[in-house]
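Residue strings, one per chain:
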Amino acid sequence: MYEPIRTKSVHSTVARTPSSDFPHRSREEELDIQLAGHLAALLAVTDELRALEPSDELDVAAQRLAEQLTRLRGGATPSRASVAASTSRLDALHLRAHALAGRALVVAASRADTAAAILSAERMDAHAVTVVA
C-alpha cells in the first residue's frame, strides 16, 4: 500500500559533523554584535543632532561612542557620514537617541560591559532632559 522511504530523512536526529553545520557564535559574540549595532545607531543620531545643534557635549559623546564601537569591532573604526542640517524635529531625534541608548544599556548590562553601560546611561540622561524639557 505504501512505498518504503528510500532516501535519508533531512530531519535526522543523528549528530552532524561540525564541518557540515553552519558556524555558531557564542552568546558573548551575539551580544557584542547587538551592542555595536545599538551604539552605531546612537552615534548616527548623535551626529545628526550635532549638525542641527552643535555643542561640545555632543562632540564628546560622539567621540566616546566611536571609541566604544572601535573597541567592540576589534579596532575597526565606525564609518560616519557627514550629515547636512535637515529640517528634522529635534524632539524626535532626542526621543530616538534616548530609546537607542536604553537598548544599548540593556545589552551592555546583560554582557557586563561596564564602560558601554555607563556611556549608555549617560546618553539616556542627556537625552531625557531634552525630551522632558
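Anything mentioned here points back to the structure above.
Within each chain, residues carry numbers counting from 1 in the order of the written sequence. The predicted origin of the model limits local features to residues at a pLDDT of at least 70 and limits the giving and counting of side-chain atom pairs to 80 or more, whereas totals for whole chains, interfaces and linings rest on all residues. Heavy atoms from the whole structure form the basis of all side-chain values; hydrogens and water molecules are not counted.

1. Let's talk about the nonpolar core
Operational definition: Within this scheme, the nonpolar core is defined by two criteria: the residues are buried Ala, Val, Leu, Ile, Met, Phe, Trp, Tyr or Cys, and they are joined through side-chain atoms within 4.5 Å. Classification of residues uses two cut-offs on accessible area relative to the type maximum, computed with a 1.4 Å probe and protein chains only: under 20% is buried, over 50% is exposed, and between them is partly exposed. To qualify as a helix, a DSSP run of H or I must reach at least 4 residues; to qualify as a strand, a run of E must reach at least 2; elements of each kind are numbered from the N terminus.
Ranked by internal contacts, the top residues of the largest apolar core, which has 25 residues, are Leu35, Leu39, Leu42, Leu43, Val45, Leu49 and Leu65. Every element with two or more residues in this core is listed here: α1 (27-52), α2 (56-72), α3 (90-110) and α4 (114-132). Per element, the largest residue contribution to this core is 8 residues, and it comes from α1.

2. Quick word on α1
Helical geometry: 3.6 residues make up each α-helical turn, so side chains three or four residues apart lie on a common side. The criterion, for reference: For a helix, the expected span equals 1.5 Å multiplied by the number of residues minus one.
The end-to-end C-alpha separation of α1 is 38 Å, in line with the 38 Å expected for 26 residues at 1.5 Å each. Listing the buried residues of α1 in full gives Leu31, Leu35, Ala36, His38, Leu39, Leu42, Leu43, Val45, Thr46, Asp47 and Leu49.

3. Quick word on unusual backbone geometry
A positive phi is found at Ala112, a non-glycine position, where the angle reads about 60 degrees. Summarising the element assignment, Ala112 is placed in the loop between α3 and α4. On the accessibility criterion, Ala112 (66% relative accessible area) is exposed.

4. Comments concerning the pattern of salt bridges
Basically, it comes down to this: Salt bridges are defined as contacts in which a side-chain nitrogen from Lys or Arg sits within 4 Å of a carboxyl oxygen from Asp or Glu.
Counting across every chain of the model gives 8 salt bridges. The partner of Arg64 in a salt bridge is Glu122, and the shortest N-O contact between them spans 2.5 Å. Note that Arg64 is positioned in helix α2 and Glu122 in helix α4, a separation of 58 residues in sequence. With relative accessibility at 35%, the residue Glu122 sits in the partly exposed group. Sharing partners across several salt bridges, the network here consists of Asp32, Arg71, Arg111 and Asp113.

5. Considerations on α2
How we decide: The arc refers to the directions leading from the helix axis to the C-beta atoms.
Here α2 is 17 residues long and its end C-alpha atoms lie 24 Å apart, about the 24 Å a rise of 1.5 Å per residue gives. Residues of α2 that are buried include every one of Leu58, Ala61, Ala62, Leu65, Ala66, Gln68, Leu69 and Leu72, and no others. Take α2 and look down its axis: the buried residues cluster within an arc of 165 degrees, on one side only.

6. Points about the side chain of Asp47
Quick reminder of the rule: As used in this structure description, the phrase polar contact means that two N or O atoms lie within 3.5 Å; if the pair is within protein, one of them must be able to donate a hydrogen and the other to accept it, and residues adjacent in sequence are counted only when both atoms belong to side chains.
Positionally, Asp47 belongs in helix α1. Only 2.8 Å separates the side chain of Asp47 from the side chain of Arg50, close enough to count as a polar contact.

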